[in-house]
Structure formats: structure tokens, C-alpha cells
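Each chain, written out:
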Amino acid sequence: MLQSKLFYKTLKKPPKNIKALSHILLTRAGFIDQASVGSFSFLPLGFRVLRKIENIVREEMEAIAGQEILMPALVSKDNWQKTKRWQTFDALFKLKGAGNKEYALNPTHEEIISPLSATYVFSYKDLPFYLFQIQTKFRNELRAKSGILRTREFLMKDLYSFHASEKDLDNYYEKIGEVYSKIFKRCGIFAFRTLALGGTFSDYSHEYQAVSESGEDTIYVCQKCSFAINKEIKNKFKKCPNCKSFDFRQEKSIEVANIFKLGTKYSLPFDLKFKNKDGKEESSLRSIFKSGKSGEYEKLFKETGVEDLPLGFDLRFSFPATKPKGAIHLRFVRGKRKNKDALIWETQVQSVGEHSPKIKEQIKTWITDAHNLTDDWFFKMIEGELMRRFE
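What counts, and at which threshold
Residues numbered from 1 in each chain as written. Predicted model: local features only at pLDDT ≥ 70, side-chain atom pairs only at ≥ 80, totals over all residues. Heavy atoms only, no water. Helix = DSSP H or I, 4+ residues; strand = E, 2+ residues; numbered from the N terminus. Contact = heavy atoms within 4.5 Å. Salt bridge = Lys/Arg side-chain N within 4 Å of Asp/Glu carboxyl O. Buried < 20%, exposed > 50% of the residue type's maximum accessible area, 1.4 Å probe, protein only. Core = buried A, V, L, I, M, F, W, Y, C linked by side-chain atoms within 4.5 Å. Phe/Tyr/Trp six-rings, centres within 6.5 Å; stacked < 30°, edge-to-face > 60°. Lys NZ or Arg CZ within 6 Å of the ring centre and 35° of its normal. Axes fitted to C-alpha atoms, helices over the stretch in contact; angles between N-to-C directions. Parallel < 35°, antiparallel > 145°, perpendicular 65-115°, else oblique. Left-handed = near helix turned anticlockwise from the far one by under 90°. Pairing = 2+ DSSP bridges.

Participant: Explain the environment of G177 to me, please; I cannot follow it from the model alone.
Facilitator: Relative to the elements of secondary structure, G177 occurs in helix α5 (residues 166–187). Beyond its immediate stretch of four places on either side in the chain, G177 contacts R193, Y208 and I259.

Have a look at this one:
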């Protein structure tokens with residue numbers, strides 16, 4: 001696509017009433033647009049980044065036998081009453097439909113995945129299996145803030161694993177922990193695997209916390225081995241559980257993922273049972289692994305040395321060329337040169353195989369054609385829409 005056709009605008013001044021730096025930068029660079037408090041549109045450039053992160057996550061989930069599904073965002077009140085969370089889940093969006101029937105917009109999908117799985121699991125031979133989705137979630141946050149970091153509508157990957165034994169669950173739990181580390185590395189984020197509060201069926205869970213000054217969480221990191229502990233449980237540990245050191249540093253952080261064991265907490269309300277090798281009925285053990293895509297996206301624009309004034313964009317194209325025969329690769333980026341705004345332009349003409357020049361005269365002709373091609377492209381682009389964008 002021509003840059004002149006790209007749907008985006010850059011802003012010279014920060015939007016009013018916005019304090020979070022990442023929110024300011026993403027808005028000024030034309031990546032996102034705030035529709036209302038806690039609700040955002042991802043514009044073409046921002047959506048492209050979001051999809052790249054999504055594809056990384058999808059690849060890694062499928063590499064450990066995860067099967068992708070898509071569950072509904074809307075669910076009947078009945079499902080939430082079965083798990084006794086209709087009245088206790090404070091951030092639950094509730095609404096009424098036709099016939100005054102009550103529904104919820106799912107902030108998480110235990111109330112959907114459990115009855116779904118109950119229709120497929122009958123024997124220990126049906127286990128284990130791992131289902132994940134990448135879908136929009138809704139939370140009625142009292143204080144939506146910090147741009148796309150704390151929102152009422154957000155994209156999240158949630159993977160649910162189902163097991164016949166605790167041993168199998170524990171093995172997969174560790175495997176998913178390793179995969180999350182790979183995901184964050186591929187996204188360019190360093191996140192501490194952090195010991196955190198558990199639930200009904202486990203003493204502890206694990207969060208993945210990325211250090212950031214704008215973070216709302218606090219973690220303690222061992223100075224000796226980098227073992228991290230959430231502030232909520234720090235008083236339980238006078239010394240590092242890993243290396244026994246007493247030396248910790250305190251960091252502000254953003255939770256970008258978590259993993260925890262659910263046991264049979266959501267299996268029992270929906271009668272999710274199977275017959276073991278002896279023919280006896282048991283409830284399936286479960287675990288859940290979540291990562292917030294929008295939060296990861298936000299983290300990519302934090303702690304990277306980006307100044308308050310966005311310089312613009314880095315745009316690249318590749319097109320087939322007929323004279324000379326081959327391809328032309330174009331790149332233009334707004335940057336700095338000698339502390340002044342500058343347009344950086346790069347052009348590469350490529351001919352390979354039978355189309356590459358072989359003798360002296362062919363080389364001369366090729367260079368002339370390549371020069372004319374790049375010269376035409378440069379001036380036509382600069383004199384058109386691109387010049388207006390950089391003014």
C-alpha cells in the first residue's frame with residue numbers, strides 16, 4: 001500500500017487530559033484512538049503490531065499441542081451462578097436481553113470452557129488436552145487508566161489445560177512456563193517469573209512481571225539469583241526460596257501473564273468427570289494460563305528510551321520492477337540528523353538469476369535503469385502525500 005493511502009494521522013501536540021507516556025506516544029504516532037475511557041480502536045499501524053504479537057503467541061501455543069478455539073463473549077447468567085461468581089465477581093459486566101434475560105460479558109472463560117469440555121470428556125483416554133483462544137475480554141474496571149494498560153475491553157490469550165493426574169498437570173505447568181519466557185523474548189520484553197498468591201488448589205501461582213515505572217504492581221527481586229516474589233506474599237519469605245539470600249531489591253512492574261492451577265474448582269459445578277483406568281469416576285484437574293495481548297503491546301512502547309516527542313514512523317515497501325527486471329525495496333523514516341528533523345530514505349534495487357547483468361555493458365545499462373527508477377520513486381513520493389505528512 002502507498003503511504004499516502006495509509007489511514008493515520010500524527011499529532012504535533014499531546015492530547016489533552018492524557019498523562020500516561022505510552023498513551024500519549026501511541027496516540028500521537030497514529031497507532032491507537034480512544035473511543036471512550038477504557039475502550040480503544042487500534043488503527044492500521046497499531047493493529048499490525050497487535051497481530052504480530054498474536055501470531056507469536058499462537059505459534060508458541062500450537063508448538064505445545066494447544067488447539068485454538070473461539071468462545072462467545074456473551075454468556076447466560078446461569079453459567080455464572082453455577083460457579084457462584086455472579087454476585088462475587090466485582091468487575092463483571094451484566095446486561096439484560098430480550099425477555100429480560102440476564103447475561104454477562106465474559107472477563108474470563110471458565111464458565112464456558114468447563115461445560116464445553118464436559119461434552120467431550122468421558123474416559124482417561126480423552127485426557128490430557130489443551131484449548132486456547134485469543135479473544136476480547138470485558139471488565140467493568142472502576143479506574144480504567146494508563147492507556148491500553150488498564151482498560152474495560154482488551155485482547156487476551158487464555159489457555160486451559162485438562163489433566164487426569166496431578167503429575168501430568170505439574171509437568172505441563174512447567175512446560176508452559178518455559179514457553180512464556182520464549183514468547184516474551186520474541187516480543188522483546190524481559191519479564192520476571194514471579195511467585196504470587198495461589199488459589200483453592202495451590203499455595204502459589206506464577207505471574208510474569210515486566211519492570212516499569214508506570215507499573216501498578218510491586219515485586220521483590222533477589223539480588224543474587226533474580227528470583228522474584230510479589231509484594232502480596234513477600235512477608236511469607238524473609239529469604240529467597242531459591243538461593244536463601246536475604247538481599248532483595250524492590251521494583252514497580254506490569255503483570256503481562258499469569259499461570260495457576262484450578263484443580264477441580266470449575267469442573268465440579270458442570271459435572272466434568274471421566275472414568276479412570278479402574279472404571280471409577282474422577283473430576284478432571286485443570287490449569288489456566290493467561291496473557292494480556294494489549295498489555296504486552298503497551299509494554300513494547302515503555303522502557304525503550306523513546307523520547308516524549310515521537311519522530312514518526314519507519315515504513316518499508318517491496319515491489320516487483322520491470323526496468324531493470326527484479327524488485328525495488330524502499331524505506332523511509334522520519335529521524336534525526338545533527339539534532340534536526342530529517343527524512344531518511346533508502347532504496348535498494350535487486351536483480352537475481354537470469355535478470356542480473358553479466359557483462360560490462362549490461363552492468364552500465366542496469367545501473368542507469370536502477371538510478372532512473374529510484375529517482376522517479378523518490379521525487380514522486382516526496383512531492384506527493386508523503387511531503388504533507390512530514391510537514
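Participant: Looking at this model, I keep getting lost on the pattern of salt bridges. Mind explaining?
Facilitator: Side-chain pairs of opposite charge can arise whenever the charged atoms involved come near each other. Overall, the coordinates contain 17 salt bridges when judged by the stated rule. K137 is the salt-bridge partner of D158, the closest N and O atoms lying 3.1 Å from each other. With a gap of 21 residues between them, D158 in strand β8 (residues 153–163) and K137 in strand β7 (residues 129–138) connect regions that are remote in the sequence. What makes D158 buried here is its relative accessible area of 0%. Judged by its relative accessible area of 0%, K137 falls in the buried class. For D170, the salt bridge is made with K261, and the minimal N-O distance between the two is 2.6 Å. In this pair, D170 is assigned in helix α5 and K261 in strand β13 (residues 248–263), connecting sequence segments 91 residues apart.

Participant: In this structure, what is going on with the nonpolar core? I would like to understand it.
Facilitator: In globular proteins that are soluble, nonpolar side chains generally tend to be buried together. Ranked by size, the top nonpolar core spans 27 residues in total, and within it M61, Y180, I183, F184, Y208 and V256 carry the most contacts. If you list the elements that add at least two residues to this core, you get α2 (44–63), β7, β8, α5, β10 (202–211) and β13. With eight residues, α5 is the single largest residue contributor to this core. In this structure, I183 is in contact with I56, V57, E60 and M61, ignoring residues within four places of it in sequence. Core analysis: the next-biggest nonpolar cluster, separate from the first, contains 21 residues, M71, V75, A91 and L272 among them.

Participant: What exactly am I supposed to notice about the packing of aromatic side chains here?
Facilitator: The geometry of an aromatic ring pair is captured by two quantities: the separation of the ring centres and the angle between the planes. Evaluated as defined, the whole model comprises eight aromatic pairs. An angle of 85° between the planes, with centres 5.5 Å apart, marks the rings of Y180 and Y208 as edge-to-face. Of this pair, Y180 sits in helix α5 while Y208 sits in strand β10, placing them 28 residues apart in sequence. Each member of the pair, Y180 as well as Y208, is classed as buried. Each ring, one from F190 and one from F192, has its centre 4.8 Å from the other, and the planes form 85°; the classification is edge-to-face. Among the aromatic side chains, those forming a connected cluster through ring pairs are Y180, F184 and Y208. The residue whose ring lies beneath K101 is Y103, and the NZ or CZ to ring-centre distance is 6.0 Å. Above the ring of Y220, the side-chain terminus of K234 is found at 5.5 Å from the ring centroid.

Participant: Sorry if this is basic, but what is going on with the packing of α2 against α5 here?
Facilitator: A pair of packed helices is characterised by two quantities: the angle between their axes and the separation of those axes. Taken N-terminus to C-terminus, the directions of α2 and α5 make an angle of 150°; their axes are 10 Å apart at the nearest point. In terms of their interaxial angle, α2 and α5 are classed as roughly antiparallel. In this structure, α2 crosses over α5, and the sense of that crossing is right-handed. In contact with I53, I56, V57, E59, E60 and M61 of α2, α5 contributes I176, V179, Y180, K182, I183, R186 and C187.

Participant: Would you mind going over unusual backbone geometry with me for this structure?
Facilitator: In terms of backbone geometry, most residues other than glycine have negative phi values and most peptide bonds are trans. Between L127 and P128 the backbone carries a cis peptide bond, its omega angle lying at -5°. Position of P128 relative to the elements: it lies in the loop between α4 (110–118) and β7. With omega at 0°, the peptide bond leading from K323 into P324 counts as cis. Tracing the chain through its elements places P324 in the loop between β17 (314–322) and β18 (325–337).

Participant: Looking at this model, I keep getting lost on the sheet that holds strand β6 (residues 102–105). Mind explaining?
Facilitator: To summarise the sheet geometry, strands pair through backbone hydrogen bonds and adopt either a parallel or an antiparallel arrangement. One open sheet accounts for three strands, arranged β4-β6-β5; its pairing is antiparallel. Only two strands of the sheet have a single partner each, and these edge strands are β4 (74–76) and β5 (93–96). Ignoring strand direction, the axes of neighbouring strands in this sheet form an average angle of 35°. As defined by bridge partners, β5 adjoins β6 across four bridges and the pair is classed as antiparallel. Bridge pairing in β6 links K94 to A104.

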